[in-house]
Amino acid sequence: MNRAVPVSEPQPCRADQAHDQTHDQAHDQAHFPVVIVGAGPTGLMLANLLGQQGVRTLVIERNRSTVAESRAVTIDDESLRTVQASGLMGQVLPQVVLGYGVRYYSWRGKEFARIEPQGQEYGFPKRNAFHQPLLLEQLRAGLQRFAHSAIWFGHELLQFSDEGENGQVVHLQLGHDGATKHLRCQWLVACDGGRSMVRERLGIALVGSSYDEKWLIVDLLGRSSALRHARTWCDPARPAIRLPGPQGTLRYEFMLHAGEDPEQVLQEENVRRWIHARHPADARLAITRKVVYAFHARVAERWQSGRVLLAGDAAHLTPPFAGQGMNSGVRDAANLAWKLAAVVRGEMAPGLLATYAQERKPHAWSLIGMAVRIGRFMQPKSVWAALLAQGALRLCSLYPPVREHVLQLRFKPRPRFHEGFFLPGESAAALVPAGQLLPQPQVELPGGARVALDDMLGPGFAWLGLTDAAVPPDFGLPCRHLRVVAQQDDFLPVQPVQPVQPAQAAQCAVLRDVDGTLERLLRSAGANAVLLRPDRYVLAYLGCAGAPDAVRLQPLAAWCAPPRKTLDAQSARPHRDEDCAFALSTPAATILNDQVKPLQPSRLATTP
């Protein structure tokens, strides 16, 4: 349990308060560049990513620890790629059940469809099972790597006030064990869940729908069935889902009908009877949790108000049928972390943060739409409706392209932005257009070692160019350069010939495209190089027909701060350095009452 500690007192480095005492004495503990409200998956992932970027960050959580129950059970390939970026893959991956699918059963109990995707476009299987309390503990422990990061459990945000453009600070009032603390921050990120206090205080409404159907969730332990795939019974009598998890865990979900009393439904005898009807052996397992919930398909009208941003369930609520609620929050963290870091460091103007909602909000809506459609399919209202929907799927599956579209989960919306911080201009035939997440293939290093692409790219912007690509012009931001040797070629004698170990991969400036993925993507875009954002979305293709690269990259200069004053990322206190490459003396944005408004150009890209 946390004790009451004055804000100015250095705190020991522990799992619940990850500080370095010497470091804290050098900083004002009443001021943090970024404060995150909520120690759930979104908040802790964001804190770890900011820690990787060297940004001094505080997480405050009103509870005494992270949650002990599994609210989410599915982690997808994009989220695992973000775990990789956080540097915690070695801890997280061994505890994940990789590559599970879903088998669908009719109202007669006969299997009629399977979704078992095999591809690993982003470096990991598309669907994976995990144990949320364990992931939260791993993320919490991960913050101990950063002396400039901290978690304060047992601290509740009571009040906050944004001083706006002139003050450039948010004042926070916290409650802890009956005492009050006062803090300041440059940016406040609300990851405080679907009932977000921050969102409510800002007067930001949720738009969308809430549904009448309620569902019973039952978590069990000690399953004897080794089948890793989920089972879904699309039965109007009682739609149900069975989801195996790691360490012998198991979840059942049952739909309640109108008029059923949740208290009666939760009685253990009733719960075990419903489970027995689906898999008799499971009815004897130990029950660790049972709860009735309703689901929502809603998104916040605004995701930013001045220096306050919303993320995770505070920004969007997703029905559970596609397993995308938590994953959407992790996408928020990946999008927001590097932008906050660049603004705090003084490298980029605050207007960059306006692209956070511009990019993430439409994609969050698209995943909500997918979840709603899956839910309708899973919850037929009658036997005739079940026959029609299931028959239509069987019929479509006779056509191989449609079957593969469903089987490989290709109906899931692509991680792509239609407007935001990227530069279009590639060929219309591009397999991965600008504004879309780049695939992550395995690449080969001199000496034969193979690693995942992201392990070579580092935490910032990156340039990948074929051997015939010209060195990119300076666009005002630090960027790692990597030469790509084509699949059919070998490393030239002039390149390093001694073996490069995976641990040294970050220092290697050349790699081989072992399966041809990178060259294929570049050629389809009519380019010989690609510029990547820190979150691995394509910022721009280079070497294309038309305007020279230097001209194409000119719009990026409007987002970079002039070289007159810089911000220490760990203290957010400006210091003068006339020779520094970046500064934040004349911001390229104005902060208004409702949101950050970037100056022209307000959009780098608008694509159809």
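Structure: see above.
All values reported here derive from a predicted model rather than from experimental measurement.

## Notes on the pattern of salt bridges
Overall, the coordinates contain 24 salt bridges when judged by the stated rule. We note a salt bridge from Glu444 to Arg512, for which the minimum N-O separation is 3.1 Å. Placement of Glu444 in strand S21 (residues 442-444) and of Arg512 in strand S25 (residues 510-512) is noted, with a sequence separation of 68 residues between them. We classify Glu444 as buried; its relative accessible area is 12%. Residue classification places Arg512 among the buried positions, given a relative accessible area of 13%.

## A short note on the packing of aromatic side chains
For the coordinates displayed, the defined rule picks out eleven aromatic pairs. Ring centres 6.3 Å apart and planes at 45° place the aromatic pair Tyr104 and Phe112 in the tilted group. Given the relative accessible area of 11%, Phe112 is considered buried. Each member of the aromatic cluster is reached from another via a ring pair, and the members are Trp338, Phe421, Phe461, Phe475 and Trp559. Note that Lys181 overlies the ring of Trp152, its terminal NZ or CZ placed 4.3 Å from the centroid.

## As for the sheet that holds strand S16 (residues 286-300)
A sheet is described by the order of its strands in space; here eight strands give the open sequence S6-S5-S13-S14-S15-S12-S16-S19, paired in mixed fashion. Here the strands that pair on one side only, and so sit at the sheet edges, are strand S6 (111-115) and strand S19 (316-317). Two elements, strand S5 (residues 102-105) and S6, share four bridges in a ladder whose sense is antiparallel. Bridge pairing in S6 links Tyr104 to Ala113.

## What to know about the packing of helix H2 (residues 41-52) against helix H10 (residues 325-344)
Packing of H2 against H10 leaves a shortest axis separation of 8 Å and a crossing angle of 30°. The angle between H2 and H10 places the two elements in the roughly parallel class. H10 is crossed by H2, and the crossing has right-handed handedness. Along its contact with H2, which presents Pro41, Thr42, Met45, Leu46, Leu49 and Leu50, the element H10 presents Met326, Gly329, Val330, Ala333, Ala334, Leu336, Ala337, Leu340 and Ala341. In terms of residue class, the contact of H2 with H10 is built from 13 nonpolar, two polar and no charged.

## Considerations on the environment of Gln118
Relative to the elements of secondary structure, Gln118 occurs in the loop between S6 and strand S7 (127-129). By relative accessible area, Gln118 is classed as exposed at 59%. Sequence separation between Gln118 and Gly99 is 19 residues, and the spatial gap between their C-alpha atoms is 7.6 Å.

## Some words on the sheet that holds S7
The sheet built from three strands is open, its strands ordered S3-S7-S4 with antiparallel pairing. Taken across any chain shown, the strands that pair with only one partner, and hence form the sheet edges, are strand S3 (74-76) and strand S4 (97-98). For S3 and S7, the ladder comprises three bridges, and the chain directions are antiparallel. Each residue of the ladder has a partner; that of Ile75, found in S7, is Asn128. Contacts between helix H3 (residues 77-86) and the sheet are confined to S3, S4 and S7, with S3 contributing the most and set at about 75° to the helix.

## Notes on the packing of H2 against helix H5 (residues 132-142)
Between H2 and H5, the shortest axis-to-axis distance is 9 Å and the interhelical angle comes to 30°. Put simply, H2 runs roughly parallel to H5. Read as a crossing pair, H2 and H5 show a hand that is left-handed. Note on element contacts: H5 touches H2 through Gln132, Leu136, Leu139, Arg140 and Gly142, opposite Pro41, Leu44, Met45 and Asn48. A class-by-class count of the residues in the contact of H2 with H5 yields five nonpolar, three polar and one charged.

So, how was this worked out
Residues numbered from 1 in each chain as written. Predicted model: local features only at pLDDT ≥ 70, side-chain atom pairs only at ≥ 80, totals over all residues. Heavy atoms only, no water. Salt bridge = Lys/Arg side-chain N within 4 Å of Asp/Glu carboxyl O. Helix = DSSP H or I, 4+ residues; strand = E, 2+ residues; numbered from the N terminus. Buried < 20%, exposed > 50% of the residue type's maximum accessible area, 1.4 Å probe, protein only. Phe/Tyr/Trp six-rings, centres within 6.5 Å; stacked < 30°, edge-to-face > 60°. Lys NZ or Arg CZ within 6 Å of the ring centre and 35° of its normal. Pairing = 2+ DSSP bridges. Axes fitted to C-alpha atoms, helices over the stretch in contact; angles between N-to-C directions. Parallel < 35°, antiparallel > 145°, perpendicular 65-115°, else oblique. Left-handed = near helix turned anticlockwise from the far one by under 90°. Contact = heavy atoms within 4.5 Å. Nonpolar A, V, L, I, M, F, W, Y, C, P; charged D, E, K, R; others polar.

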